[in-house]
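One-letter residues, chain by chain:
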Amino acid sequence: MLFGCTRNYQPKPRGYNRLVLPEHSYTLSPDTLPYQFAYSRHARLLRDTSWIRDRHWVEIYYPDLQATIHVTYKSINHSEKLLREFLQDAYILTAKHQVKAYAIDESIVRTPGGKTAVIAELEGEVPSQFQFTITDSTENFLRAAVYFNVKVHNDSLAPAIEYMKRDAMELINTLAWRKQ
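None of the values given here were measured: they were computed from a predicted structure.

A closer look at the sheet that holds strand E10 (residues 140–148)
The sheet built from seven strands is open, its strands ordered E4-E5-E6-E10-E9-E8-E7 with antiparallel pairing. Looking at the sheet topology across the chains shown, the edges are occupied by strand E4 (44–47) and strand E7 (101–110). Between one strand axis and the next, the sheet turns through 20° on average, direction left out of account. Judged from the five bridges that link them, strand E5 (residues 58–62) and strand E6 (residues 67–75) form a sheet pairing that is antiparallel. Bridge pairing in E6 links Ile-60 to Ile-69. Against the sheet, helix H1 (residues 80–95) touches E6, E7, strand E8 (116–124), strand E9 (130–135) and E10, its axis set at about 10° to E10.

This is the structure:
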């Protein structure tokens, strides 16, 4: 008993909150949009609230993670000019993160449904760590970006970032265009 109580106290380093992430479970988006995809049952599908919103733009909001996947959609109408413009805008929006990003890894993936997506994974203390575009090159163009509504500390957010990437990949892999 004499050895159990000592006054030799050392402060411990500051830690981060533990994140308890739910199991991945998905539901389909409503049929009121010109596209459909699977999104997390732990998220809420909301209309876009930005000042430049469009009627087919949505936000997939994760209240427990304070995160959002912003989804924007544009119709191309067989216009090569519009497609180039939308791709250039997406590239510029991703490039704006270069100030804080120490790496932007882009990859082109083919979905199980035969669609091609361009995925940008950003590293560093950036507000959006995962962005992508997907198009059929003639009718539809969709862009999405994952944002956390908290002060960015990627080391503490790493599990949540990976969780959100997996959900974004589910969106990419299940995306289907609807006939209008």
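Some thoughts on the nonpolar core
Ranked by internal contacts, the top residues of the largest apolar core, which has 31 residues, are Tyr-35, Ile-60, Tyr-62, Val-71, Phe-132 and Met-164. Take this core: its biggest share by element is eight residues, from helix H2 (residues 154–174). If near-sequence neighbours (up to four positions away) are discounted, Tyr-62 is found in contact with Ser-40, His-42, Ala-43, Ala-67, Ile-69, Tyr-163, Met-164 and Asp-167.

Topic: unusual backbone geometry
You will see that Gln-66, though not glycine, has its phi angle at about 55°, which is positive. For Gln-66, the location among the structural elements is in the loop between E5 and E6. A relative accessible area of 31% means that Gln-66 is categorised as partly exposed.

Overview of the pattern of salt bridges
Taken as a whole and judged by the stated rule, the model has three salt bridges. Between Lys-165 and Glu-162 there is a salt bridge, and its shortest N-O distance comes to 3.5 Å. Here Lys-165 and its partner Glu-162 are both found in helix H2, three residues apart, which amounts to about one turn of the helix. Taking the relative accessible area as the measure of exposure, Lys-165 reaches 15% and is therefore buried. Judged by its relative accessible area of 49%, Glu-162 falls in the partly exposed class. Taken together, the shared-partner salt bridges connect Glu-121, Glu-162 and Lys-165 into one network.

As for the pairing of E9
With six of six residues buried, E9 is to be regarded as a mostly interior element. Bridge analysis of E8 against E9 gives six bridges, and the strand direction is antiparallel. By the bridge assignment, Glu-121 is partnered in E9 with Phe-130. Relative to E10, E9 runs antiparallel, the two sharing six bridges. What sits directly across from Gln-131, in E10, is Ala-145. Once E9 ends, the chain turns through four residues before running back antiparallel as E10, passing Ser-137 with a positive phi of about 75°.

Conventions used here
- Residues numbered from 1 in each chain as written.
- Predicted model: local features only at pLDDT ≥ 70, side-chain atom pairs only at ≥ 80, totals over all residues.
- Heavy atoms only, no water.
- Pairing = 2+ DSSP bridges.
- Helix = DSSP H or I, 4+ residues; strand = E, 2+ residues; numbered from the N terminus.
- Axes fitted to C-alpha atoms, helices over the stretch in contact; angles between N-to-C directions.
- Contact = heavy atoms within 4.5 Å.
- Core = buried A, V, L, I, M, F, W, Y, C linked by side-chain atoms within 4.5 Å.
- Buried < 20%, exposed > 50% of the residue type's maximum accessible area, 1.4 Å probe, protein only.
- Salt bridge = Lys/Arg side-chain N within 4 Å of Asp/Glu carboxyl O.

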